[in-house]
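Below are the chains, spelled out letter by letter.
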Amino acid sequence: MSSYLITCTPAHGHVVPLLQIARHLISRGHVVSFLTSSRYADRVEAVGARFVALPTDADIDLDDADGAFPERGGLTGPAALRFDMSNLFVRPGAAQLAAVRAELEVRPVDAVLTEPLFVGGALLQLLPEGERPPVVVLGIFPLGARSRDTAPFGLGVTPMRGPIGRLRNAFLRAVAERAIFGGVQREADAMARREVGRDLGGFVLDWAGRADAYVQFTVPGFEYPRADLPATVHFAGPLPPTPSDAALPSWWSDLDGARPVVHVTQGTIANSDFGQLVVPTITALAASDVLVVVSTGGRPVDALAGRLPDNVRVAEYLPYDRLLPLVDVLVTNGGYGGVQQALAHGIPLVVAGQTEDKVEVCARVGWSGAGVNLRTSTAGAAQVARAVGRVLATPSFRANAERLGAAMRQADAWRSLESVLEGFAERREPSRRDVRR
C-alpha cells in the first residue's frame, strides 16, 4: 500500500478525471489525499479520498474566470492568452506550492500526482529529489512535452516534416516564448527564484516534460511523433469510461439503425451558448436524412427555444456507454475525454473548439485523419453541413477512427499508471537482497 497526494487546479474538466484516478487508486488499497478547491470537497470525499483545501489565493473558479476577473471579458487573441496564463495559472503557483509543502510536512507521501496546469507542481519538482517525493504528471489533455518536431503547445499547429518543419517550429517557439509569453515566463521564473531559489528551468508550458514521470492518457497514434520524446513520458491509453446512470429518454427506440445518427454536444461546461455549435448543427442537418441527437450537458431542454426539426432528439444527459455504439458521427467542441471516448468506439468526428486545450485536441483530430477540424469555436451551419457530409461519405475517416479505437481498446490505462508508480516504489525501498547483505 502506498500513499499519494493528488493536486488539481479548480476546473471541472481537470477535477473529474483526477477523481476517477483517485477512485481507482483507493480501490487498489492506496491512501489518497486530494488538494483542490473547496467547491469539490463533497465529490472528493465521495470517492474515498481525504480532501485538502487550496488556500484562498489559489482557489480561482476556472469555470467562471470572467466572474473572478471581470477585466478578462474584453480580451482577445494574445492579450487573452497572456492574461489567462498569468492570472489563472502562474500567479496561484506560489500558494499552491505552500499548500503542498504544508501537507507534506504533516503527511509524507510516496508521490505527488498532478496535472500539467498546476504550476505548484512545476515548483515542487525544482527541489532536490532528496527533499521531495516524486512528481508524476497526469496527462489529461494533449501532451505538452517540448520537442523540436512540434510547434509550441497551445497554437494548434500540426507537425511539418523535415528540416523546414523544425525551422518553423523553432521560429514559432521563439515567438511564443519571447514575444507572446515573454512577460509570463519572466514572472514564472521570478516566482520560482523566490520560492525555491532557481529559475523554472524552461518554458512554463513545457514543465510537465521535465517531471519525474509523465503518464499521458492516450495512445501514441493520437499524438504527434517526437524523435526527442523524453523517456519519462509513458502512453497509458485513455481513462476507462465510467458507467452512466442517465435514464433513457422516451425517444430512445428511434435509434433503430434506420438512418445515420449524428450526435452533437458542447459538454457540461462550455454550453452556455448553444449558438456556437449545437444550433448550427441542428440547422445544418434539418433537411438531411440523419437523426440528430443532442445532449444539453445538464441545461434544460427548453434552452433550445423554438420548434425543433422532426429529425432532432434532445436530452439533458445521455448514457454514453449505450449511445456511442449507435453513433455514426460526433460533432463536438473538442473536450479531450469525450473525443477519446468517441474514438475508442471508432466514431469519426467534426470538431470546433479553439479555447483552452481544445485547440490542441481539435488539431490532433484533423491531423490523425479521424475527423474534420473546423478551426473555429463558433461554427456556421454551412460549415457543419459540409463537414458532416464529408465524414459520412468518405470511408477513410471511419477507418482512421477505427484504427485509433483498436489501439485504445487494447491499452490498459490503470496497468500503465500502476507500473509507473510501482517503479518509484521499487527505487525508493531497499531490496530484500540489499537488506540481507
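Structure's up top.
Here the residue numbering is sequential within each chain, running from 1 through the sequence in written order. Only residues with pLDDT of at least 70 are given local features in this predicted model, and only at 80 or more are side-chain atom pairs given and counted; all residues enter the totals for whole chains, interfaces and linings. In computing side-chain properties, one takes all heavy atoms of the structure into account and sets aside hydrogens as well as water.

## Looking at the pairing of strand β4 (residues 111–114)
For clarity, the threshold we go by: Only protein chains enter the accessibility calculation, which uses a 1.4 Å probe. A residue is then buried if its area is under 20% of the maximum for its type, exposed if over 50%, and partly exposed in between. Only DSSP runs of H or I with at least four residues qualify as helices, and only runs of E with at least two residues qualify as strands; both kinds are numbered from the N terminus onward. One bridge is not enough; two strands pair if DSSP finds at least two bridges between them. Throughout, right-handed denotes a crossover for which the path from the first strand over the helix to the second runs clockwise when the strands point away from the viewer.
Side chains of β4 alternate between two faces, with A111 and L113 and V112 and T114 buried alike. Two strands pair when backbone bridges link them, and strand β1 (residues 3–7) and β4 are joined in this way by four bridges, in the parallel orientation. When the sheet's bridge partners are listed, Y4 is paired in β4 with A111. With three bridges joining them, β4 and strand β5 (residues 135–139) adopt parallel strand pairing. If you follow V112 over to β5, its bridge partner there is V135. Following the chain from β4 across helix α6 (residues 119–124) to the adjacent parallel β5, one finds a crossover that is right-handed.

## A few points about the nonpolar core
Operational definition: For our purposes a nonpolar core is just a set of buried Ala, Val, Leu, Ile, Met, Phe, Trp, Tyr and Cys residues, chained together by side-chain atoms within 4.5 Å.
Counting 116 residues, the largest nonpolar core has F34, L113, F217 and L343 as its most contacted members. Membership of the second largest hydrophobic core comes to 26 residues, among which are V264, V292, L304 and A352.

## A look at the sheet that holds strand β9 (residues 291–295)
Our working rule: Simply put, an axis is a line fit to the C-alpha atoms, just over the touching stretch for a helix, and the angle between two N-to-C directions goes from 0 to 180 degrees. Contacts: residue pairs with any heavy atoms within 4.5 Å of one another.
Pairing within the open sheet is parallel, and its six strands lie in the order β10-β9-β8-β11-β12-β13. Looking at which strands have only one partner, the edges of the open sheet turn out to be β10 (312–315) and β13 (371–373). Neighbour-to-neighbour, the strand axes of the sheet open up by a mean angle of 15 degrees, direction not taken into account. Relative to strand β11 (residues 329–332), strand β8 (residues 261–265) is paired through four bridges, and the arrangement is parallel. Each residue of the ladder has a partner; that of H263, found in β11, is L330. The sheet contacts of helix α13 (residues 381–393) involve β8, β11, β12 (349–351) and β13, and relative to β12 the element is tilted by about 155 degrees.

## Here's the deal with empty space enclosed by the protein
Empty space left among the atoms is revealed by rolling a probe the size of a water molecule over them. Put simply, the test is: Grid points spaced at 1 Å over the protein atoms alone were grouped into cavities, where a 1.4 Å probe fits but cannot get out, and pockets, open sets with protein on both sides within 12 Å along at least five of seven lines, with lining residues defined by an atom within 4 Å of a point. Grid points are joined across faces, edges and corners, and a volume is the space filled by probe spheres set on the points.
Counted under the stated rule, the structure contains one cavity of 30 Å³ or more. Approximately 130 Å³ is the volume found for the largest cavity. The set of elements that each furnish at least two residues to the lining of the largest cavity consists of α7 (162–180) and α12 (358–368).

## Re unusual backbone geometry
The backbone phi angle of R375 is positive, close to 55 degrees, even though this residue is not glycine. With respect to the helices and strands, the residue R375 is situated in the loop between β13 and α13.

## Digging into the pattern of salt bridges
Rules: Counted as salt bridges are all cases of a side-chain nitrogen of Lys or Arg within 4 Å of a carboxyl oxygen of Asp or Glu.
Tallied over the entire structure, the rule returns 21 salt bridges. Between D61 and R39 there is a salt bridge, with its nearest N and O atoms 3.7 Å apart. With D61 in the loop between β3 (50–53) and α3 (65–68) and R39 in the loop between β2 (31–36) and α2 (41–46), this pair connects stretches of sequence that are 22 residues apart. Residue class for R39 comes out partly exposed when judged on its relative accessible area of 40%. Salt bridges here are not isolated pairs; linked through shared partners, they connect R28, R415, E418 and E422.

## Observations regarding the side chain of R364
This is how it is decided: Pairs of N or O atoms are called polar contacts if they sit within 3.5 Å, as long as, within protein, a hydrogen donor faces a hydrogen acceptor (for residues adjacent in sequence, only side-chain-to-side-chain pairs).
For R364, the location among the structural elements is in helix α12. Polar contacts involving the side chain of R364 include one to the side chain of E360, which spans 2.7 Å. In this structure, R364 is in contact with P142, L143, F222, E223, Y224 and R226, ignoring residues within four places of it in sequence.

## Some remarks on the sheet that holds strand β6 (residues 213–216)
Sheet architecture is open: seven strands sit in the order β3-β2-β1-β4-β5-β6-β7, paired in parallel fashion. Both outer strands of the open sheet, β3 and β7 (233–235), are each paired with one neighbouring strand and no more. Strand-to-strand twist in this sheet, taken as the mean axis angle between neighbours without regard to direction, amounts to 25 degrees. Of the strand pairs in this sheet, β1 and β2 are connected by five bridges, and their pairing is parallel. Looking across to β2, one finds that S3 is bridged to V31.

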